[in-house]
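Summary of the model geometry
One-letter residues, chain by chain:
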Amino acid sequence: MAGSAGFLDAALAFPAVLFGFALVVVVGYWLAVLLGGAGVPGADAAEGGEGVGSGDTGHGTGFASGLAVLGLGGAPVTVVLSLLIAIAWFVSLSGTALFTASWQRVLVLPVALLAAWAGTRLLVVPLRHLAPGEQGVNRGDFVGRVCTIRTGRVAPGFGQAEVAAEDGATAVVQVRAEATDAARLMLGSTALIYDYDAEGEFFRVAPFDLAPEPEPGH
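Below: a short report on this structure. (Residues numbered from 1 in each chain as written. Predicted model: local features only at pLDDT ≥ 70, side-chain atom pairs only at ≥ 80, totals over all residues. Heavy atoms only, no water.)

A few words now on the overall build of the chain. The number of helices and strands found in the chain is 6 helices and 5 strands. Secondary structure of the chain in N-to-C order comes out as α-α-α-α-α-β-β-β-α-β-β. For the chain, the residues scored as buried account for 41% of the 218 residues in total. Counting every atom, the chain has about 11,600 Å² of accessible surface; 68% of that belongs to carbon and sulfur. (Helix = DSSP H or I, 4+ residues; strand = E, 2+ residues; numbered from the N terminus. Buried < 20%, exposed > 50% of the residue type's maximum accessible area, 1.4 Å probe, protein only. Areas by Shrake-Rupley, 256 points an atom, 1.4 Å probe, with all protein chains shown as cover.)

As a further point, take the sheet that holds strand 1 (residues 146–149). The strand order 1-2-3-5-4 describes a closed barrel built from 5 strands, whose pairing is mixed. The sheet shows a mean angle of 55° between the axes of neighbouring strands, direction not considered. With 3 bridges connecting them, strand 1 and strand 4 (residues 190–197) associate as antiparallel partners. What sits directly across from Thr 148, in strand 4, is Thr 190. (Pairing = 2+ DSSP bridges. Axes fitted to C-alpha atoms, helices over the stretch in contact; angles between N-to-C directions.)

Looking now at helix 2 (residues 16–34). Over its 19 residues, helix 2 runs 26 Å from end to end, which matches the ideal 27 Å to within 8%, given 1.5 Å per residue. Listing the buried residues of helix 2 in full gives Ala 16, Phe 19, Gly 20, Leu 23, Val 26 and Tyr 29. (Expected span 1.5 Å × (residues − 1).)

For a regular strand, side-chain orientation follows a simple rule: the groups alternate between the two sheet faces. As judged from the 3 bridges shared by strand 1 and strand 2 (residues 160–164), these two strands associate in the antiparallel manner. Bridge assignment links Thr 148 to a residue of strand 2, and that residue is Glu 162. Looking at chain direction, strand 2 and strand 3 (residues 170–176) are connected through 5 bridges and run antiparallel. Its bridge partner being in strand 3, Ala 161 is matched across the sheet by Val 173.

All chains considered together, the criterion is met by 4 aromatic pairs. Judged by centre distance (6.4 Å) and plane angle (75°), the ring pair of Phe 7 and Trp 89 falls under edge-to-face. Centroid distance Tyr 29 to Trp 30: 4.9 Å. Interplanar angle 70°. Geometry classified as edge-to-face. Take Tyr 29: its relative accessible area is 9%, and that puts it in the buried class. (Phe/Tyr/Trp six-rings, centres within 6.5 Å; stacked < 30°, edge-to-face > 60°.)

Per the stated rule, a full pass over the model turns up 3 salt bridges. Between Arg 204 and Asp 195 there is a salt bridge, with its nearest N and O atoms 3.0 Å apart. The shortest N-O distance in the salt bridge between Asp 197 and Arg 204 comes to 3.1 Å. Overall, Asp 197 belongs to the buried group, its relative accessible area being 16%. Through salt bridges that share partners, Asp 195, Asp 197 and Arg 204 make up one connected network. (Salt bridge = Lys/Arg side-chain N within 4 Å of Asp/Glu carboxyl O.)

Here you go:
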């Protein structure tokens, strides 16, 4: 009991508590992804169902481009954020448990941030290689292409699809659909990518039925 109480005291003390609440959000997000719930745009990112990467290494925008400046680009934003928060929380929790003086705990905060950046940057390197199809592909190249839905459903805040680039490389991207379009999209459905939301880092799609191949002699 004493151990549990000590852990709780450290988790609720400065600076661990600053990252503790963010970690709760991260855990909740990934649980939602695992259960097929709503995704978080770009935080994903990524977001959402953040999922797997979304196909652009050349023209990151917004928050993603900020991460790229810090050397954390090339992986889904949600994965990068999750790593940053988890490492920062762990380091700050350790520092909080080790030090009792207020000035020492204040110094733990920049150490935790630096460790989070360095650790995440190290972990992002192998993650970039897990999505080789993203290299050299601009997200705008996917607009106008037909994709295949890879999640059980597509909603205004959730969905992923597989799309092939002109060079044959494939990528799993974040997709979104509204109202009746969303109701017609499910796992295995084909959809047309008609727009890209740079801020949210997802594609807008609509149902698209591929024409059947004509039978020989007809």
